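# Report on the structure
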Amino acid sequence: MPVLGLDAADAQGRPLGPAVELLEDPDGALSWERVSSDPGLPWRRSDMQVLNFSFSDSTWWARLRLDNPDDAAQERAIELAMPLHDDVLLTVRSSDGDVQQWRTGDRFPFASRPVPYRYPLFKVRVPARGHVELWWRFASHDGLYDALPLTLWTLPAFTDKGFREKLILGAYFGAIGILMLYMLAAGALNREASFAWYAAYLGSFLLWNYSFTGFGFATLWPSAPVFNNVIIGVSSVAIYLTLGRFTQVWLRTAALAPWADRWLRLLMVGIALHAVPAVLDWYAATFRTLIPLGVLFLISLLAVAARLAWRGVIEARLYLIAWAFWVTGALVYYARVLGWLPSQPWVEYALNIGSMLEMVTLAMMLSWRIHELKSQARGAQEALLHEQRSHSARLE
């Protein structure tokens with residue numbers, strides 16, 4: 001079993017992915033008693049910065065020993081920063097003979113969390129001059145594993161991190177909500193369909209993000225784990241459909257690129273069909289094809305916008321500028337996940353920052369559309385007045 005000593009680095013958060021050993025359990029038949037006592041099992045050292053088993057029907061075990069070199073007992077927080085993991089069992093065996101075990105995940109009521117937090121969080125006490133053995137069992141409801149970022153923290157450091165996350169994400173959700181209400185009001189006042197579709201996109205994105213980050217399960221439906229998974233799938237479908245419809249209306253694809261408009265409609269029909277397995281809680285079946293289809297759809301949206309921008313359509317150029325922020329944020333975030341960039345606050349929240357800049361830019365685009373509509377209305381009114389004056393002059 002690999003050994004990790006407690007030290008000051010825990011105050012910055014130490015990733016445990018590269019430190020653990022892994023064991024695949026294809027049938028899900030192994031028990032903790034078996035894996036903790038059988039020396040013949042084929043454990044292997046992890047080569048992943050962040051554990052990720054992707055699409056797998058196997059159950060996975062991980063193990064690690066924490067050593068405390070100090071003369072006083074120490075406490076640590078073990079963070080599993082993925083609110084959507086289905087089933088995690090953590091068994092802690094201390095050198096003083098104590099054994100603790102917790103089982104939780106988003107397939108269990110929120111009350112199963114040992115610490116009432118938006119994703120699984122465990123507190124362990126390591127005896128003075130002693131150690132604890134950590135044994136994780138990860139299982140999936142139907143074969144889809146999200147990434148499993150395991151991190152070791154000192155308790156004060158995690159408390160500060162949690163407060164900072166709530167503050168930042170609260171501001172983020174609030175900003176999206178304000179933008180959505182503004183777009184709804186602007187759309188109603190100007191009778192412009194693009195505003196309504198953009199507001200629907202913001203609402204879908206807000207629902208998905210609030211659920212994906214674990215706040216929905218923690219605050220709105222803590223006793224409904226099945227609904228929590230259903231809403232993730234349904235809101236994902238809604239994001240693609242509302243974004244697609246907004247793009248069609250904003251870029252006027254039916255008039256300017258009818259071939260592309262038909263292609264986008266075909267893709268949207270395929271995406272809409274995924275609402276059926278999502279509602280039936282076939283989580284893995286939903287995302288097994290929705291993910292590649294969604295990637296193709298996003299590439300198609302950008303390709304259509306690029307084509308129209310090349311032809312000089314100003315709306316398409318603005319659209320590409322907005323999406324450049326989101327793409328940049330996504331690239332920075334995933335570079336951190338892959339270990340190419342250090343963990344800094346601006347890196348951790350790069351996806352949120354990029355998406356916020358994208359939304360603000362799109363909102364500014366729509367404000368520009370309001371100005372254009374007013375200019376057109378003013379021009380039409382002035383033309384009408386000029387025509388009336390000319391007609392009156394001829395009569396005189």
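Scroll up to find the structure.
Residues numbered from 1 in each chain as written. Predicted model: local features only at pLDDT ≥ 70, side-chain atom pairs only at ≥ 80, totals over all residues. Heavy atoms only, no water.

### Side note on the overall build of the protein
Stated formally: What counts as a helix is a DSSP run of H or I of at least four residues, what counts as a strand is a run of E of at least two, and both are numbered from the N terminus. Only protein chains enter the area calculation, which uses a 1.4 Å probe; residues under 20% of their type maximum are buried, those over 50% are exposed, and those in between are partly exposed. The contact criterion used throughout is that any non-hydrogen atoms of two residues lie within 4.5 Å. Accessibility throughout is a Shrake-Rupley quantity obtained with a 1.4 Å probe, and a residue counts as covered only by protein chains that appear here.
Within the protein, the secondary structure is distributed over 12 helices and 11 strands. Sorting the 396 residues of the protein into buried and exposed places 50% on the buried side. Sequence separation of at least 24 residues holds for 76% of the intrachain contacts in the protein that already meet a minimum separation of 6. For the protein, the exposed surface amounts to about 18900 Å²; the carbon and sulfur share of it is 63%.

### Considerations on the packing of helix H3 (residues 193-212) against helix H5 (residues 225-251)
Heads up, the rule is: Axes, fitted as lines to C-alpha atoms, cover a helix only where it is in contact. Angles between the N-to-C directions of the axes lie from 0 to 180 degrees. Each angle gets one of four labels, with under 35 degrees taken as roughly parallel, over 145 as roughly antiparallel, 65 to 115 as roughly perpendicular, and the rest as oblique. The hand of a helix crossing depends on one turn: near helix anticlockwise from the far one by less than a right angle means left-handed, and clockwise means right-handed. Gly counts as polar in this scheme, as do all residues outside two lists: the nonpolar Ala, Val, Leu, Ile, Met, Phe, Trp, Tyr, Cys and Pro, and the charged Asp, Glu, Lys and Arg.
One can describe the packing of H3 onto H5 by two numbers: an axis separation of 8 Å at closest approach and a directional angle of 155°. Classified by the angle between their axes, H3 and H5 sit roughly antiparallel to one another. Here the hand of the crossing between H3 and H5 comes out left-handed. The residues of H5 that touch H3, namely those facing Ala193, Ser194, Trp197, Tyr198, Ala200, Tyr201, Ser204, Phe205, Leu207, Trp208, Ser211 and Phe212, are Ile231, Ile232, Ser235, Ser236, Ala238, Ile239, Thr242, Leu243, Arg245, Phe246, Val249 and Trp250. Looking at side-chain class alone, the contact of H3 with H5 contains 17 nonpolar, six polar and one charged residues.

### Examining the pairing of strand E11 (residues 150-154)
The condition is simple: DSSP bridges decide pairing: two strands pair if at least two such bridges lie between them.
Counting buried residues in E11 gives five out of five residues, a clear majority hidden from the surface. Alignment of strand E2 (residues 14-15) against E11, held across two bridges, turns out to be antiparallel. The residue of E11 that forms the bridge with Arg14 is Leu152. Pairing of strand E6 (residues 74-80) with E11 involves five bridges; the strand directions are antiparallel.

### Observations concerning H5
To keep things clear, this is the line we draw: Between the first and last residue of a helix there are one fewer steps than residues, each counted as 1.5 Å, and that sum is the expected span.
Between its first and last C-alpha, H5 extends 39 Å over 27 residues, near the 39 Å set by a 1.5 Å rise per residue. Counting buried residues along H5, 21 of its 27 residues qualify, which places the element largely inside the surrounding structure.

### Overview of the environment of Ala316
You can see Ala316 is positioned in helix H10 (residues 314-337). Each C-alpha atom, one on Ala316 and one on Val304, is 8.5 Å from the other, the two residues being 12 residues apart in sequence. Those residues within four positions of Ala316 in sequence are excluded, and the remaining contacts are Leu251, Ala305, Leu308 and Ala309.

### Side note on the environment of Tyr201
In this structure, Tyr201 sits in helix H3. For Tyr201, a relative accessible area of 3% puts it in the buried group. Along the backbone, Tyr201 and Leu241 are 40 residues apart, and their C-alpha atoms lie at a distance of 8.2 Å. Those residues in contact with Tyr201, other than ones at most four positions away along the chain, are Ile239, Thr242, Leu243, Trp323 and Glu358.

### Digging into the nonpolar core
Applicable threshold: Here the nonpolar core consists of buried residues drawn from Ala, Val, Leu, Ile, Met, Phe, Trp, Tyr and Cys, with membership extended through side-chain atoms lying within 4.5 Å.
The biggest cluster of nonpolar side chains holds 59 residues, and the ones touching the most others in it are Tyr198, Leu202 and Tyr319. Taken together, the elements giving at least two residues each to this core come down to helix H2 (155-190), H3, helix H4 (215-219), H5, helix H7 (258-272), helix H9 (283-310), H10 and helix H12 (350-395). Ranked by residue count, the leading element in this core is H9, at 11 residues. Beyond its immediate chain neighbours, meaning those up to four positions away, Tyr319 contacts Leu243, Phe246, Thr247, Trp250, Leu251, Leu301, Ala305, Leu362 and Met365. Counting residues in hydrophobic clusters, the runner-up holds 30 residues, among them Leu80, Leu90, Trp102 and Val124.

### Quick look at the pattern of salt bridges
To keep things clear, this is the line we draw: We define a salt bridge as a contact between a side-chain nitrogen of Lys or Arg and a carboxyl oxygen of Asp or Glu at a distance within 4 Å.
The full count for this structure, using the stated rule, is 17 salt bridges. Between Asp10 and Arg76 there is a salt bridge, with its nearest N and O atoms 2.7 Å apart. Pair noted here: Asp10 is in the loop between strand E1 (3-5) and E2 and Arg76 is in strand E6, with a separation of 66 residues, a long-range link. Judged by its relative accessible area of 5%, Arg76 falls in the buried class.

### Description of the packing of aromatic side chains
Short version of the rule: Put simply, two rings from Phe, Tyr or Trp (the six-membered ring, in Trp's case) pair if the centres are within 6.5 Å, and we call them stacked under 30 degrees between planes, edge-to-face over 60, tilted for the rest.
Here the structure, examined in full by the defined rule, presents 23 aromatic pairs. For the ring pair Tyr117 and Phe158, a centre distance of 5.3 Å and an interplane angle of 65° mean the geometry is edge-to-face. Taken as a pair, Tyr117 in the loop between strand E8 (99-104) and strand E9 (121-126) and Phe158 in helix H2 lie far apart in primary sequence, 41 residues in all. Comparing Tyr117 with Phe158, the two get one shared label, buried. Ring centres 5.1 Å apart and planes at 85° place the aromatic pair Trp221 and Phe227 in the edge-to-face group. Taking the relative accessible area as the measure of exposure, Trp221 reaches 13% and is therefore buried. Here Phe227 falls in the partly exposed class, since its relative accessible area comes to 39%.

### Remarks on the sheet that holds E6
Ordered by their spatial adjacency, four strands build an open sheet running E2-E11-E6-E9, and the pairing between neighbours is antiparallel. Of all the strands in the sheet, the pair left with one neighbour each is E2 and E9.

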